[in-house]
Amino acid sequence: MGVLVLVKIGWRNLWRNPRGTLLTALALGLGLTLLLISLGLLDGSHEQMVDNGVRFGTGHVVVQAQGYQETGSQELLLPVRVVSTTEAFFYTEAMKHVSRGVSPRLLASGLLSSAANADGVRIMGVIPGDERAVSLIPQRIVEGNYLADGQRSGVVIGTALARKLAVKIGAKVVLVTQAVQTPDTETTDADGGGMQSTLLRVSGIFRTGIQAIDAHVIQMPLPEAQALLGVPDRVTQIAVLLDHEGESLMVAQGLRKQLTGVPVEILPWREAMPTLAQLFLLDDAFNYVMNGVVLAMVGLGILNTILMRVIQRRYEFGLCLALGLRPVQLAVMIIGEALALTAISLTLGLALGLGVEHYFATSGLDMRWFFKSSLPTALVFDPIIYARLSLTRIASSVGIVFLTATVISFYPALKAARTELPGALKVF
Amino acid sequence: MTEWAVELKDVRKIYRTGPIEVPALRGISLRVAAGEFLAIAGPSGCGKTTLLNIIGGLDRADAGEVLVDGKNLQLLSSGELARLRLRRLGFVFQAYNLLPVLTARENAEFTLLLQGVPVKQRKDKVQKLFSEIGLAGLENRRPGELSGGQQQRVAVARAMVTEPAIILADEPTANLDSVTATALLEVMEQLNRVHGTTFVYATHDPQVMERARRLIRLRDGQIASDVAQAGHALEP
């Protein structure tokens, strides 16, 4: 007897009680809907979090001197030609549409003083135009303005630092640091690498919501920073922001090829910011557990439905076996029925899930209500989450639910196949 | 030498519920010749159903020999029993005979489907039988759209369509009114006459007992009488 005939019988069995079947399918389909919504919001929020996270840090890919990741030494600077080589790499036809920005940075530590106070700071010498394309700091200015290309002696600082130094826009601050000494760099300092200082004027105050940045990071024009540190034309790192996080590895590998033999390290953000990467991994793990719970609920729903149908039709199965249907054929019939029910459920679930998904992808899930009146003026992450769901995610979700249903249907199928004669035929 | 459709030798069956043993059959011996139209009657609990179950390979005897269509059922595996039921036996039950999701034609074809008979052949066979037993025009109706008598006829068609050696019918008229029951019995008599198929009934229905050409009465798991309706009593 052909499997198709058995599946046909299974399919018709489903429609013996159309309302019941549709309600069951809807309930099971909701499981897939929940799974899709959960995954979509998870992927969307992760994409946003990664995007924001890397934009407050090293970008998706960072190029820095060999050993910088481990030591953080400000003496470790990139060889001069690396900046031009890297920028040229992103101007190539293949890479042009991959990156959103490339920003060279000179990093150092220093002491920023005002008339009222002083505090240790992380100096970032940047090219304002380039940094705007890569970092979120320029977008988080809450007072004054961000640095402008060609501007000299300006500095932007965080709200926490501004509060500590008791400075406002236009205030004068003094930055003191130690000139960089590298084997291949001659400092411009007469003392050969002694303390350097410069007078800067606060042009903007930013608020990122991240205490470590708001209290300690300052940004100033790159030429000024290079002059202060005595390393003209040198930078510590190049931060690269890409269109898609998923391309980080590919771009890092491409750059490595480009810079073969040059003593640099090229790191995707997961290696450059391992703590952030681990945070996402932990979040992923938790969400997978939650999705597993949803999947288990869907599975139990299918098991319950099919098992009830099997128990209710004991006589019918006895009749089939009495007429000569083999137990294995009976099992195939039940599995066919379960899969047909799953297919209906998946269709409903997919339609509903993608509909809701589309809404969250375009309008977003607005979480501002959560903060109510205490919404901070700047958040680390966007309070509106936009769902993102790739075709692979949809296909794998549908596939997993279908596979779960298939595996789970084996039990009722086995139970049906074990229908005992003549017990199942009470009439006989 | 007579070829017996069914031959039972000292068949015994005991049902056990915990420590309680209920003997259902106590040494039944009988022979049914091919082409017989035989009724097994007796009060409830006398062992009619058990006897039919054992002849049909749906249950196994605890002792004795059961030969059906020349095969010793005691020696067959459950798979072989299923094959025998499919190819050599036909069943008509009291009620709920049909699969509710299949049409009348599909129900009648069911056993042919199980045998792997090609679609054209299946259709022809069912069509012929349906015309023979007055079901023409009802092929595409589902059981719920048929009367009780029509449903039983479809069940008879399903039992007959594979051209079995024996048809076992348990109370086939129990849920039918007398007119419908008569019509059904006429159909089965006609099939017995035309095709030479052996019919074995378990019944309470006096009409069935009257029409049977041989009547076996059971009492307490034993044959109380075995009478040829022409008037010749047979030895149990």
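Residues numbered from 1 in each chain as written. Chains lettered and ligands numbered in written order. Predicted model: local features only at pLDDT ≥ 70, side-chain atom pairs only at ≥ 80, totals over all residues.

Colleague: What is the right way to read the interface of chain B and chain A from this model?
Modeller: Reports often express the size of an interface as the amount of accessible area lost when the parts come together. With 23 residues of chain B at the interface, the matching set in chain A holds 18 residues. When residues of the side of chain B that touches chain A are traced back to their parent elements, those giving at least two are α1 (48-55), α2 (78-88) and α3 (104-115) of chain B. Counting residues per element, the side of chain B that touches chain A draws most heavily on α3(B), at four residues. Looking at side-chain class alone, the side of chain B that touches chain A contains 15 nonpolar, five polar and three charged residues. (Contact = placed C-beta atoms within 7 Å. Helix = DSSP H or I, 4+ residues; strand = E, 2+ residues; numbered from the N terminus. Nonpolar A, V, L, I, M, F, W, Y, C, P; charged D, E, K, R; others polar.)

Colleague: Looking at this structure, how should I read the nonpolar core?
Modeller: Buried together is how nonpolar side chains tend to be arranged in soluble globular proteins. Counting residues in each nonpolar core, the largest one holds 123 residues, and the members touching the most others are A:Leu330, A:Ile334, B:Ala157, B:Val200 and B:Tyr201. By residue number, the principal contributor to this core is helix α14 (residues 327-362) of chain A, which donates twelve residues. Those residues in contact with B:Val200 that sit more than four places away from it in its chain are B:Val32, B:Leu38, B:Ile40, B:Leu52, B:Ile55, B:Ile166 and B:Leu168. Of all hydrophobic cores here, the second largest spans 69 residues; its members include A:Leu147, A:Leu200, A:Leu228 and A:Ala252. (Core = buried A, V, L, I, M, F, W, Y, C linked by C-beta atoms within 7 Å. Buried ≥ 20, exposed ≤ 12 C-beta atoms within 10 Å, placed from the backbone.)

Colleague: Could you clarify how one ought to interpret the environment of A:Thr342 in this entry?
Modeller: With respect to the element layout, A:Thr342 can be found in helix α14. For A:Thr342 and A:Val298, which are 44 residues apart along the polypeptide, the C-alpha to C-alpha distance reads 9.9 Å.

Colleague: How should I be thinking about the sheet that holds strand β5 (residues 71-72) of chain B in this particular structure?
Modeller: Neighbouring strands of a sheet are bound in pairs by backbone hydrogen bonds; such pairs are parallel or else antiparallel. Residues and elements named next belong to chain B. Read across the sheet, four strands follow the order β2-β1-β4-β5 without closing on themselves; strand pairing throughout is antiparallel. Each edge of the sheet is formed by a strand with only one pairing partner; in this case those strands are β2 (20-33) and β5. In this structure, strand β4 (residues 63-68) lies alongside β5, joined through two bridges in antiparallel fashion. Bridge pairing links Leu-67 to Asn-72 in β5. (Pairing = 2+ DSSP bridges.)

Colleague: Which parts of the structure should I look at to understand the packing of helix α5 (residues 148-160) of chain B against helix α6 (residues 178-195) of chain B?
Modeller: A pair of packed helices is captured by two measures, namely the crossing angle of their axes and the spacing between those axes. Residues and elements named next belong to chain B. Packing of α5 against α6 brings their axes to within 9 Å, and their N-to-C directions diverge by 15°. The orientation of α5 with respect to α6, classified from their angle, is roughly parallel. Along this stretch, α5 crosses α6, giving a crossing that reads as right-handed. On the side of α5, the interface is formed by Gly-148, Gly-149, Gln-152, Arg-153, Val-156 and Met-160, while α6 contributes Thr-180, Ala-183, Leu-184, Val-187, Met-188 and Leu-191. (Axes fitted to C-alpha atoms, helices over the stretch in contact; angles between N-to-C directions. Parallel < 35°, antiparallel > 145°, perpendicular 65-115°, else oblique. Left-handed = near helix turned anticlockwise from the far one by under 90°.)

Such coordinate-based values are descriptive only and should not be taken to indicate function.
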